[in-house]
Every structure is written in C-alpha cells, then in structure tokens.
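Architecture and fold: a report
Residues per chain, in single letters:
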Amino acid sequence: MIRFLSALLACCSLLLLSGCAGYNRGSIVPEQLRTIHVPAFENHTNYPMVGSIAAQQFLDTLIEDGTFKLAPYDTARLRVQVVIKDIISDSIRYDRNNAILPTEYYMTLSAHLYVYDAITGQSYIEGKPILATESMLTRDQYQTSIMDTLPRLSRRLAKALLDELQTIQ
C-alpha cells in the first residue's frame with residue numbers, strides 16, 4: 001500500500017511539473033530590442049487632447065510593465081509612431097422617460113501602430129489598427145463625459161498597444 005501511494009505521489013508530481021515545462025519567465029522580446037522611443041501621438045480626431053492623453057497613458061503603461069526602456073530618439077533601437085484615427089460613440093442605453101436622449105454610450109478609440117528598427121530599418125508593425133472600447137455615462141453632459149472617459153479609454157488603448165509590442169521578435 002505504501003509503494004502504491006509513493007508511486008501515485010511520484011506520478012502526480014511528474015504531471016504537475018510537466019505542465020510547467022513550456023513556461024518561459026519574462027518577455028519574448030529580445031534584449032537588444034527593448035529600448036524604445038515614443039514621440040507624441042498624432043491626433044486626427046476632433047478632440048484636441050486625445051493624442052496627449054493617450055501618449056501619457058502609453059508611457060505610464062510602458063514604465064509600469066518594465067519590459068521596454070524609454071530612450072531618446074538617437075539611442076533607441078525601436079521607434080514607435082501611433083496615429084489616433086477616430087473616436088466613435090454608440091448609444092447603448094436611453095433615458096426611461098425620454099426615448100430620444102441616450103444616457104450611456106460605448107466609446108471606441110481607434111489608432112494605427114507603426115514600429116520599426118532604427119538600426120536595420122526593418123518594420124515590425126506597419127499601421128496595425130488597434131481599438132479600445134469603454135462605456136461612458138453622459139449624465140446629460142456629453143462633452144464632459146467624453147473628457148471624463150478619455151483617460152480610462154486611453155489606458156485600455158495603451159494596454160492593447162503594449163500587447164502588440166510584446167509580440168516583436
């Protein structure tokens with residue numbers, strides 16, 4: 001009986017350890033590609049602060065993640081360009097007493113991501129569309145609600161941009 005329990009314990013331990021066999025700690029991005037330059041985002045929307053808010057959220061996300069190190073233009077291996085294309089709002093809920101007046105929207109921020117290698121000139125990501133969506137309550141103040149939602153929406157966009165950067169090999 002003791003032999004059987006020992007064999008069972010050994011098999012369970014082996015199965016548990018084999019599940020971690022393919023696990024790799026850290027990022028798959030090569031060390032030499034981890035210095036990055038991020039300029040201000042180009043803003044093609046009708047809202048003047050979108051580019052700066054989104055760029056700041058992206059920089060904060062890069063710093064928090066720690067995979068990439070921010071560097072000046074001359075010394076960075078990777079150079080990033082992000083073009084904010086549009087903000088789209090779709091109404092999803094209306095006031096109970098007024099079926100014409102929306103009270104909640106889904107706001108979507110769309111951007112295009114470009115990443116290239118400063119040394120080799122190789123383009124890693126060429127204008128890939130990236131989308132981020134967040135819900136927005138208007139409280140009868142549409143413009144104010146957009147400005148209140150932009151930081152959260154930009155943070156979602158920043159995380160989606162970082163996810164794309166993490167795939168570079």
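Residues numbered from 1 in each chain as written. Predicted model: local features only at pLDDT ≥ 70, side-chain atom pairs only at ≥ 80, totals over all residues. Heavy atoms only, no water.

1. With respect to helix H2 (residues 50–65)
The first and last C-alpha atoms of H2 sit 22 Å apart over 16 residues, in line with the 22 Å expected at 1.5 Å per residue. Packed against the buried residues of H2 are strand E1 (35–37), strand E2 (42–43), strand E3 (69–70), strand E4 (78–95), strand E5 (98–117) and helix H3 (142–165). Glycine 66, located one to two residues past H2, shows a positive phi value of around 85°. (Helix = DSSP H or I, 4+ residues; strand = E, 2+ residues; numbered from the N terminus. Expected span 1.5 Å × (residues − 1). Contact = heavy atoms within 4.5 Å.)

2. Side note on the pattern of salt bridges
For the structure shown, the criterion picks out 7 salt bridges. Here arginine 34 ties to glutamate 31 by a salt bridge, and the two come within 3.3 Å at their closest N and O atoms. We classify glutamate 31 as exposed; its relative accessible area is 58%. Salt-bridge contacts for glutamate 134 lead to arginine 152; the nearest nitrogen and oxygen are separated by 2.9 Å. Remark: arginine 152 occurs in helix H3 and glutamate 134 occurs in strand E6 (residues 123–137); sequence separation between them is 18 residues. Taking the relative accessible area as the measure of exposure, arginine 152 reaches 41% and is therefore partly exposed. Each of Glu134, Arg152 and Arg156 takes part in one network of salt bridges that share partners. (Salt bridge = Lys/Arg side-chain N within 4 Å of Asp/Glu carboxyl O. Buried < 20%, exposed > 50% of the residue type's maximum accessible area, 1.4 Å probe, protein only.)

3. Concerning the side chain of threonine 149
Summarising the element assignment, threonine 149 is placed in helix H3. At 2.7 Å, the side chain of threonine 149 and the backbone oxygen of serine 145 are in polar contact. In contact with threonine 149, not counting residues within four places along its chain, are Met107, Glu134, Ser135 and Met136. (Polar contact = N/O pair within 3.5 Å; in protein donor to acceptor, adjacent residues only side chain to side chain.)

4. Quick look at the packing of aromatic side chains
Taken as a whole and assessed by the stated rule, the structure comprises 1 aromatic pair. For the pair phenylalanine 41 and phenylalanine 58, a centre-to-centre distance of 5.9 Å together with 50° between the ring planes defines the contact as tilted. With a gap of 17 residues between them, phenylalanine 41 in the loop between E1 and E2 and phenylalanine 58 in helix H2 connect regions that are remote in the sequence. Taken as a pair, phenylalanine 41 and phenylalanine 58 share a single burial class, namely buried. Residue placement shows arginine 79 over the ring face of tyrosine 73; its charged tip is 3.7 Å from the ring centre. (Phe/Tyr/Trp six-rings, centres within 6.5 Å; stacked < 30°, edge-to-face > 60°. Lys NZ or Arg CZ within 6 Å of the ring centre and 35° of its normal.)

5. Concerning the nonpolar core
Ranked by internal contacts, the top residues of the largest apolar core, which has 37 residues, are Phe41, Phe58, Val80, Ile84, Leu157 and Leu165. Elements with a minimum of two residues in this core: H2, E4, E5, E6 and H3. Looking at this core, the element that brings in the most residues is H3, giving 8 residues. With residues up to four places along the chain from it excluded, the contact list for leucine 165 reads Val29, Ile36, Phe58, Leu62, Phe68, Val80 and Val115. (Core = buried A, V, L, I, M, F, W, Y, C linked by side-chain atoms within 4.5 Å.)

6. A look at H3
If you check H3, its first and last C-alpha atoms are 33 Å apart, about what 24 residues at 1.5 Å a residue would give, namely 34 Å. The sharpest bend along H3 measures roughly 40° and falls at leucine 150, with the proline proline 151 sitting one to four residues further on. By the burial criterion, the buried members of H3 are Ser145, Ile146, Thr149, Leu150, Leu153, Ser154, Leu157, Ala158, Leu161, Leu162, Glu164 and Leu165. Looking at the buried residues of H3, the elements they touch are E1, H2, E4, E5 and E6. (Bend = angle between axes of the 7 residues up to and from the residue.)

7. Digging into a nonpolar patch on the surface
On the surface, a nonpolar cluster with roughly 380 Å² of combined accessible area is contributed by Met1, Phe4 and Leu8. Examined against the element boundaries, methionine 1 turns out to sit in the segment before helix H1 (2–18). (Patch = residues over 30% accessible without salt bridge, like charges linked within 9 Å, V, L, I, M, F, W, Y side chains within 5 Å. Areas by Shrake-Rupley, 256 points an atom, 1.4 Å probe, with all protein chains shown as cover.)

8. Some thoughts on the side chain of glutamine 57
Mapped onto the secondary structure, glutamine 57 falls in helix H2. Look at glutamine 57 and you get buried, because its relative accessible area is 15%. Within polar-contact distance, the side chain of glutamine 57 engages the side chain of arginine 155 at 3.3 Å. Dropping the residues within four chain positions of it, glutamine 57 is found in contact with Pro151, Ser154, Arg155 and Ala158.

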